[in-house]
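Examination of the molecular architecture
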Amino acid sequence: MSATLAKGQNGPLATNDVVISVQLSAPADLSALLVTERGKVRSDADFVFFNQPSGPGVNLQPAPAGQPASLAVSLNAVPADIDQIRAVITLDDASSNFGRSAPPTAVVSDSSGNQLYEYRIEGLASESIVIALELYRRQGSWKVRAVGQGYAGGFAALVTDHGVTVDEAPAAPPQPTQTAQQTQVAQPTHNPPPTSPAQQSPQPAATGSYPPPPGPGYAPPPGGGYPPPPGPATAQQPTGEVSLSKDRPVSLQKGQRVTLRKEGGQALTFVKMGLGWDPVQSRGMFGNRTVDIDLDASVIMFADANPADYAYYGQLSSKDGSVRHQGDNLTGEGEGDDEVILVDLTRIPAHITSLIFIVTSYKGHTFEQVRNAFCRLVDGSNNAELARYTMAGGMAFTAMAMAKVFRVGGDWKMQALGEGFPAKHPGEAIPQLGRFL
């Protein structure tokens, strides 16, 4: 029996050989981009399409007349430095768009034809290209994620943005478009983020990640940034600053800071923020039961005191492409990071001064029902853990500010926060983050 995915959701792949196919009424092509962790191909050989139907571990299989080809993927044949395989649907008629026909559906099956996952890509309007699905590595295994990122630029612009060389360069940079439901949280059971905001100093789209959706950021309240809430709720004072070590990860205490420079002074450029938690088990008459808790990690980007951009389960990439969310984990079960956010510090726009990493509880469970909550900083170049902050105990709040990454002169620093507040999704959290700035 297959599972139905919503935008941003992911699921495990327990079989080595899978097939990606699409169902839609308009003539279209299916292609694949094999990209590294930085979101780019290593060479043109990592682009699989109708004129180059074979790539490392991926083959384009012909389909009956009138239907798009399918992608056959042998996961154990994919090179180790390939982190993601992105399946792209492109309409044959570049002047048309997905809004003129029924939404396309992407399907992942095993080699015997048994359907594993299905993703109906809702909300497309003016786009002629969509990144439908992504197969990606996670802790030694492969998973599938529903992406659904529409793209209105030409096909050449899309592949060039991923590092593929084309014969004719596009006349203008790609213009990603916002889908009809972009301002709503992608998962059907989640609330929408705040209403459309005003972004500061819009930046051109950078290459590497998903072509970022356009549109403004969150609107600041009248009179500037969000003021601190009344009363004694103030940010935790730092208890000191520590330095990164090449020998072992640094264990941070609440309020402590660390400069994002390796031992020896070299500045970090590409980092990962891993966030994890475990639901507590409740004891009952019939034994232990794990509480069904839906926690979501998000990052909010601030320009001074004004929220300017974000990445969360409903928008996996910031608009400038510098921050990428790796997808939503609905339960928190299992070892290791539950959600991972990639940050390319070299591509963060100059007007962005702080990034606040938060975790919210959509179903309203408090952090008293969560154990082993942590955030950890990882060097993206070699996956070495640099620093970790583990919460000492649960709090009676539905949201938690875990950490802040912020500019100080020419450096980036990270501070462990560990402060709770009431919010069930990022839209409710943002107005309360001013006190951490």
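Because the structure is a prediction, the values reported are computed rather than measured.

A separate point is the overall build of the chain. Along the chain, the regular secondary structure elements total two helices and 28 strands. Taken across its 437 residues, the chain has 54% of its residues classed as buried. When the accessible surface of the chain is summed, it comes to about 18000 Å², and 50% of that surface belongs to carbon and sulfur atoms.

Glancing now at the sheet that holds strand S27 (residues 399–408). The seven strands are arranged S14-S16-S28-S27-S24-S20-S21 in an open sheet whose pairing can be described as mixed. The outermost strands of the open sheet, each flanked by one partner alone, are strand S14 (241–242) and strand S21 (306–311).

The next subject is the packing of aromatic side chains. Enumeration over the complete set of coordinates arrives at five aromatic pairs. Ring centres of phenylalanine 49 and phenylalanine 50 lie 5.3 Å apart, and the angle between their planes is 70 degrees; this geometry places the pair in the edge-to-face category. We classify phenylalanine 49 as buried; its relative accessible area is 16%. Summarising the aromatic geometry, the rings of phenylalanine 421 and phenylalanine 436 are spaced 6.4 Å apart at their centres and angled 50 degrees between planes, so their arrangement reads as tilted. With phenylalanine 421 in strand S28 (residues 411–421) and phenylalanine 436 in the segment after helix H2 (426–429), the pair connects residues that are 15 residues apart, well separated along the chain. Judged on exposure class, the residue phenylalanine 421 and its partner phenylalanine 436 are both buried. Here lysine 404 stacks its cationic end above the ring of phenylalanine 406, 4.7 Å away from the centre of that ring.

Further remarks concern the nonpolar core. Judged by nonpolar contacts, the single largest core of 43 residues is most densely connected at Leu260, Met273, Leu275, Val343, Leu355 and Met414. When residues in this core are grouped by element, the largest group, five residues, is from strand S20 (residues 295–303). Filtering out sequence-adjacent residues up to four positions away, methionine 273 remains in contact with Glu339, Val340, Ile341, Phe357, Cys375, Arg376, Leu377, Ala403, Val405 and Met414. Membership of the second largest hydrophobic core comes to 37 residues, among which are Leu24, Leu71, Phe98 and Val130.

Moving on, we get to the confidence of the model for the chain. Here the chain shows a mean pLDDT of 78. Residues at 70 or above account for 76%. Mean pLDDT per element in the chain: strand S19 (residues 287–290) is the minimum at 44, and strand S8 (residues 70–74) is the maximum at 96. Under a pLDDT of 50 for its full length, residues 168–238 has, in the predicted model, 177 contacts with residues more than four places off or in other chains. Across residues 330–334 the pLDDT falls below 50, and counting only partners more than four positions away or on other chains, this stretch makes 15 contacts in the model.

Residue placement: alanine 387 occurs in strand S26 (residues 384–390). Since its relative accessible area comes to 0%, alanine 387 is described here as buried. Sequence separation between alanine 387 and leucine 244 is 143 residues; the distance between their C-alpha atoms is 7.3 Å. Apart from the residues within four sequence positions on either side, alanine 387 is in contact with Leu244, Pro249, Val250, Leu252, Cys375, Arg376 and Leu377.

We now examine the pairing of S26. Pairing geometry for strand S15 (residues 250–252) and S26, over three bridges, is parallel. Counterpart to serine 251 in the pairing with S26 is arginine 388. Note that strand S25 (residues 370–379) and S26 share six bridges and pair antiparallel. Counted as the bridge partner of leucine 377 is alanine 387 from S26. The antiparallel hairpin formed by S25 and S26 contains four residues in its connecting segment, where asparagine 383 sits at a positive phi of about 65 degrees.

Right, let's get into unusual backbone geometry. Positive phi, close to 55 degrees, is recorded for aspartate 304, a residue that is not glycine. With respect to the secondary-structure elements, aspartate 304 resides in the loop between S20 and S21. A positive phi is found at asparagine 383, a non-glycine position, where the angle reads about 65 degrees. Mapped onto the fold, asparagine 383 is located in the loop between S25 and S26.

A separate point is the side chain of glutamine 415. Tracing the chain through its elements places glutamine 415 in strand S28. Judged by relative accessible area, which is 4%, glutamine 415 ranks as buried. In terms of polar contacts, glutamine 415 uses its side chain to reach the backbone carbonyl oxygen of glycine 255, at 3.1 Å.

As a further point, take the sheet that holds S26. The six strands are arranged S15-S26-S25-S17-S23-S22 in an open sheet whose pairing can be described as mixed. Either end of the sheet is taken by a strand with one partner, and the two such strands are S15 and strand S22 (323–325). Adjacent strand axes in the sheet meet at a mean angle of 20 degrees, parallel and antiparallel pairs treated alike. Taken together, the six bridges between strand S17 (residues 270–279) and strand S23 (residues 339–344) define a ladder with antiparallel strand orientation. The residue bridging glycine 274 from the neighbouring strand is valine 340, located in S23.

Reading the values: rules and limits
Residues numbered from 1 in each chain as written. Predicted model: local features only at pLDDT ≥ 70, side-chain atom pairs only at ≥ 80, totals over all residues. Heavy atoms only, no water. Helix = DSSP H or I, 4+ residues; strand = E, 2+ residues; numbered from the N terminus. Buried < 20%, exposed > 50% of the residue type's maximum accessible area, 1.4 Å probe, protein only. Areas by Shrake-Rupley, 256 points an atom, 1.4 Å probe, with all protein chains shown as cover. Pairing = 2+ DSSP bridges. Phe/Tyr/Trp six-rings, centres within 6.5 Å; stacked < 30°, edge-to-face > 60°. Lys NZ or Arg CZ within 6 Å of the ring centre and 35° of its normal. Core = buried A, V, L, I, M, F, W, Y, C linked by side-chain atoms within 4.5 Å. Contact = heavy atoms within 4.5 Å. pLDDT = per-residue confidence, 0-100. Polar contact = N/O pair within 3.5 Å; in protein donor to acceptor, adjacent residues only side chain to side chain. Axes fitted to C-alpha atoms, helices over the stretch in contact; angles between N-to-C directions.

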